[in-house]
Each structure stands twice: as C-alpha cells, then as structure tokens.
Amino acid sequence: MFKLIFLIFIVGLVVVLSFVLSFIRQIRQGIDNFKRQVNGDNDQPRRQAKTYGNQEGVVDQRPSSEKQKKIFPKDEGEYVDFTEE
C-alpha cells in the first residue's frame, strides 16, 4: 500500500514539475523577446514559422526600418469612399 501511495506521489510530482518548467520557459522567452524589441534587435527570423492552408506562408524578412513603410504606392490601387445608406 505504501509503495502505491509513493508511486502516485512521484508521478504527481513529475507532472507538476513539468508544468512549472514549461511555464518558466514561456516566461523566459517572453522576457527575451521583450529585450530584443527594446534593443531594436527584432530583425532576427522567428524560431517558429507559422504555416497556413497548404503549408506555405509569407515571411517578411525586411529590416525593421523597411517594415514600417507601405508596400503599395499611394497612386496604386482602388479606394472607394464608404457611404452608409
């Protein structure tokens, strides 16, 4: 009986420790991302690539100074004024 209780305790302890370690890892990644943004060093490619639909995605790899600029010039495209009826 004592062995069963001890085994349940050890399994529970391992589960709790794995949750705590994953939580700490997420906090550290958030802190590192924040530090990179503050230092202006956010031009590094992301470690995790997000994919959509057929597993193809678009990744913007321009420098941060270029990311702030508009992609299309002002004279290109069609703009329609919205009027509520």
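Up top you'll find the structure we're talking about.
Residues numbered from 1 in each chain as written. Predicted model: local features only at pLDDT ≥ 70, side-chain atom pairs only at ≥ 80, totals over all residues. Heavy atoms only, no water.

**Considering the overall build of the chain**
A count of helices and strands for the chain gives two helices and zero strands. Buried positions account for 0% of the 85 residues belonging to the chain. (Helix = DSSP H or I, 4+ residues; strand = E, 2+ residues; numbered from the N terminus. Buried < 20%, exposed > 50% of the residue type's maximum accessible area, 1.4 Å probe, protein only.)

**As for helix H1 (residues 2-38)**
The terminal C-alpha atoms of H1 lie 54 Å apart, and with 37 residues this matches the ideal 54 Å at 1.5 Å per residue to within 8%. Once H1 ends, the next one or two residues include Gly40, with phi positive near 75°. (Expected span 1.5 Å × (residues − 1).)

**What about a nonpolar patch on the surface?**
Among the surface-exposed residues, Phe2, Phe6, Phe9, Ile10, Leu13, Val14 and Leu17 lie close enough to one another that they form a single nonpolar patch of about 730 Å² accessible area. Classification of Leu13 as partly exposed rests on a relative accessible area of 40%. (Patch = residues over 30% accessible without salt bridge, like charges linked within 9 Å, V, L, I, M, F, W, Y side chains within 5 Å. Areas by Shrake-Rupley, 256 points an atom, 1.4 Å probe, with all protein chains shown as cover. Salt bridge = Lys/Arg side-chain N within 4 Å of Asp/Glu carboxyl O.)

**Here we look at the packing of aromatic side chains**
For the coordinates displayed, the defined rule picks out one aromatic pair. Between Phe2 and Phe6, the ring centres sit 6.5 Å apart and the planes meet at 20°, which makes this aromatic pair stacked. One end of the pair, Phe2, and the other, Phe6, are both in helix H1, four residues apart, so they sit about a helical turn from each other. (Phe/Tyr/Trp six-rings, centres within 6.5 Å; stacked < 30°, edge-to-face > 60°.)

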